[in-house]
Amino acid sequence: MGNYLTTQKAFRSLIASARSGNVRQAYIFEGIKGIGKYTTARIFANAIHCTGENKPCGVCPDCKKHIANTHSDLFVVGGGGQIKVEDIRQMNEELYIKPALSSRKICIVRNADNMNNDAQNALLKSFEEPPAYAVIILLSENIKNLLPTIRSRGNKVVFEPFSEKEISEYLLRQYPLKKDAIPFVSLYSGGVIGRATDILENEEFFETRNKMFRAIATLTGDRMSIFKLSEAFGAKGGKGAFENCDLYFDLFASFMRDVLAIKTGARVINQDMSALIEGFCAKVTSSSVLSIIERTAKVRSELNVSMKYELWIVNMLINCWEDINGKGSRS
Ligand SMILES: [Zn+2]
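Residues numbered from 1 in each chain as written. Predicted model: local features only at pLDDT ≥ 70, side-chain atom pairs only at ≥ 80, totals over all residues. Heavy atoms only, no water.

S.K.: Explain the packing of aromatic side chains here, please?
M.R.: Geometry of an aromatic ring pair is reported as the spacing of the ring centres plus the angle between the planes. If you walk through the whole model with that rule in mind, you get 13 aromatic pairs. The interplanar angle of 90° and the centroid separation of 5.4 Å between the aromatic rings of Y27 and F44 together place this pair among those described as edge-to-face. Of this pair, Y27 sits in strand β1 (residues 26-30) while F44 sits in helix α2 (residues 37-49), placing them 17 residues apart in sequence. With a centroid separation of 5.0 Å and 90° between ring planes, the pair formed by F205 and F206 is classed as edge-to-face. Judged by relative accessible area, F205 falls into the buried class, the value being 0%. Of the residues examined, F206 reaches a relative accessible area of 36% and is grouped as partly exposed. Joined through ring pairs, the aromatic side chains of Y27, F29, F44 and F159 make up one cluster. (Phe/Tyr/Trp six-rings, centres within 6.5 Å; stacked < 30°, edge-to-face > 60°. Helix = DSSP H or I, 4+ residues; strand = E, 2+ residues; numbered from the N terminus. Buried < 20%, exposed > 50% of the residue type's maximum accessible area, 1.4 Å probe, protein only.)

As structure tokens, then:
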């Protein structure tokens, strides 16, 4: 269970606290998407409820319910789009019903960053003064998205990326048939296991990367390139584009990162496409690339499901094009 996580410091310390019975009541798990926050929260909850020896033992009645995803003392909120105040109110109601099977009622809030202000305010009271039997775990990609009052009440657990070696060893065990792609994937994933497995399970990854990189390379040309690139961002795909946008932004960032790597003599990740990246690199300045990296990261962090995806992407790319070609070139 969760074998790749066992080298992760956050995971080990949480399981140790569950085993010693030294569990706090309010946690905030912080780390980027795909790093293992939810998996860890689930195994942690299981270990807390487990009545066996080596928690989580996997065989006691509580463990069996956890594995079947039917344990009634675990409640999970979020995971999709915005978390509304009604979702948190429902969780609060659930929280004040005593645990039925064990001594702990555990609530996990996935993507806690997606709570609007009303939802966070509704959470505040239960997070500050939970019932004695309650454990609340918020999962956040960036705790700056949470109200200061919530931030200050939670025990923060930070999830660090894995080393390239750890990821590559894990992937070789799990995906022996894809061993040719593993050196690249281990490096590209930046230590984020979810990103690595997503690539290996996505048949179209390399085709999507090819399309994205070729479109980026045209940004040094005329303004039509903006529209070509917006297509690579799925901006004409209608629904579904936002759901896939992590992949597009990751690819875009990886290309720009490699441009800077070439400029500074560091290691290029997308080795197999280095000729294309070098061609682009020769035509742009470091400062324009830095500006593009900053700009796209900002848009990425602000984008959400309720916004007009296509509009934001096209706007962002117009600005990127101007970073390279200058505003004066606007025709
Ligand atoms: Zn057990």
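S.K.: Sorry if this is basic, but what is going on with the coordination of the zinc ion here?
M.R.: Tetrahedral coordination by four donors puts the ideal angle at the metal at 109.5 degrees, and octahedral coordination by six puts it at 90 or 180 degrees. On the protein side, the zinc ion has C50 (SG), C57 (SG), C60 (SG) and C63 (SG) as donor atoms, found 2.3 Å from it. Around the zinc ion, the four donor atoms sit at angles spanning 104 to 115°, and that spread fits a shape best called tetrahedral. In terms of primary sequence, the donors binding the zinc ion are separated according to C-x6-C-x2-C-x2-C. Residue C50 is classed as buried on the basis of its relative accessible area, which comes to 4%. (Donors = N, O, S within 2.8 Å, 3.2 Å for Na, K, Ca; no water. Tetrahedral: all angles 85-135°; square planar, octahedral: opposite > 155°, others 65-115°.)

S.K.: How should the packing of helix α12 (residues 241-264) against helix α13 (residues 274-281) be read in this particular structure?
M.R.: Working note: a packed helix pair is described by the angle between its axes plus the distance between those axes. Two elements in contact, α12 and α13, have axes whose closest approach is 9 Å; the angle formed by their N-to-C orientations is 70°. In terms of orientation, α12 lies roughly perpendicular with respect to α13. Contacts from F255, M256, D258, V259, I262 and K263 in α12 reach I277, E278, F280 and C281 in α13. (Axes fitted to C-alpha atoms, helices over the stretch in contact; angles between N-to-C directions. Parallel < 35°, antiparallel > 145°, perpendicular 65-115°, else oblique. Contact = heavy atoms within 4.5 Å.)

S.K.: Would you take a moment to explain the sheet that holds strand β4 (residues 134-140) for this structure?
M.R.: To summarise the sheet geometry, strands pair through backbone hydrogen bonds and adopt either a parallel or an antiparallel arrangement. The parallel open sheet is built from five strands, whose spatial order is β2-β3-β4-β1-β5. The open sheet has two edge strands with one neighbour each: β2 (74-77) and β5 (155-158). Direction aside, the axes of adjacent strands within the sheet are offset by 20° on average. With five bridges joining them, β1 and β4 adopt parallel strand pairing. For Y27, the partnering residue across the bridge sits in β4 and is I137. (Pairing = 2+ DSSP bridges.)

S.K.: Which parts of the structure should I look at to understand the packing of helix α11 (residues 224-232) against helix α15 (residues 309-325)?
M.R.: Direction vectors running N to C along α11 and α15 enclose 135°, while the axes themselves pass 9 Å from each other. One element, α11, and the other, α15, form an angle in the oblique class. Note on packing geometry: the crossing formed by α11 with α15 is right-handed. Contacts between α11 and α15 pair S225, I226, F227, L229 and S230 from the former with I313, V314, L317, I318 and W321 from the latter. (Left-handed = near helix turned anticlockwise from the far one by under 90°.)

S.K.: I would appreciate a short explanation of unusual backbone geometry in the present structure.
M.R.: In terms of backbone geometry, most residues other than glycine have negative phi values and most peptide bonds are trans. Along the chain, K55 connects to P56 via a cis peptide bond; the corresponding omega equals -5°. As for its position among the elements, P56 is in the loop between α2 and α3 (61-67). A positive phi is found at N111, a non-glycine position, where the angle reads about 45°. With respect to the element layout, N111 can be found in the loop between β3 (105-109) and α5 (117-128). For N111, a relative accessible area of 25% gives the class partly exposed.

S.K.: Sorry if this is basic, but what is going on with the side chain of D250 here?
M.R.: Note that D250 resides in helix α12. Given a relative accessible area of 13%, D250 falls into the buried group. Those residues in contact with D250, other than ones at most four positions away along the chain, are Y188, R195 and R300.

S.K.: Would you mind showing me how to read the pattern of salt bridges here?
M.R.: Where side chains of opposite charge bring their charged atoms close, a pairing between them can arise. Taken as a whole and judged by the stated rule, the model has 13 salt bridges. Note that D250 and R195 form a salt bridge whose closest N and O atoms lie 3.2 Å from each other. Here R195 lies in helix α9 (residues 193-201) and D250 lies in helix α12, a separation of 55 residues in the sequence. Linking D272 and R209 is a salt bridge whose minimum nitrogen-to-oxygen distance equals 2.4 Å. (Salt bridge = Lys/Arg side-chain N within 4 Å of Asp/Glu carboxyl O.)

S.K.: I would appreciate a short explanation of the nonpolar core in the present structure.
M.R.: Side chains of nonpolar character tend, in soluble globular proteins, to be buried together. With 80 residues, the main nonpolar core has F29, I137, M212, L229 and F233 as its most contacted residues. For this core, the element with the highest residue contribution is α12, accounting for ten residues. Taken domain by domain, the makeup of this core includes at least three residues from each of domain 1 (3-158) and domain 2 (202-329). Ignoring sequence-local partners within four residues, the contact set of F29 consists of L14, K37, T40, A41, F44, I137, L138, L139, S140, V157 and F159. (Core = buried A, V, L, I, M, F, W, Y, C linked by side-chain atoms within 4.5 Å. Domains from an automatic or database assignment.)

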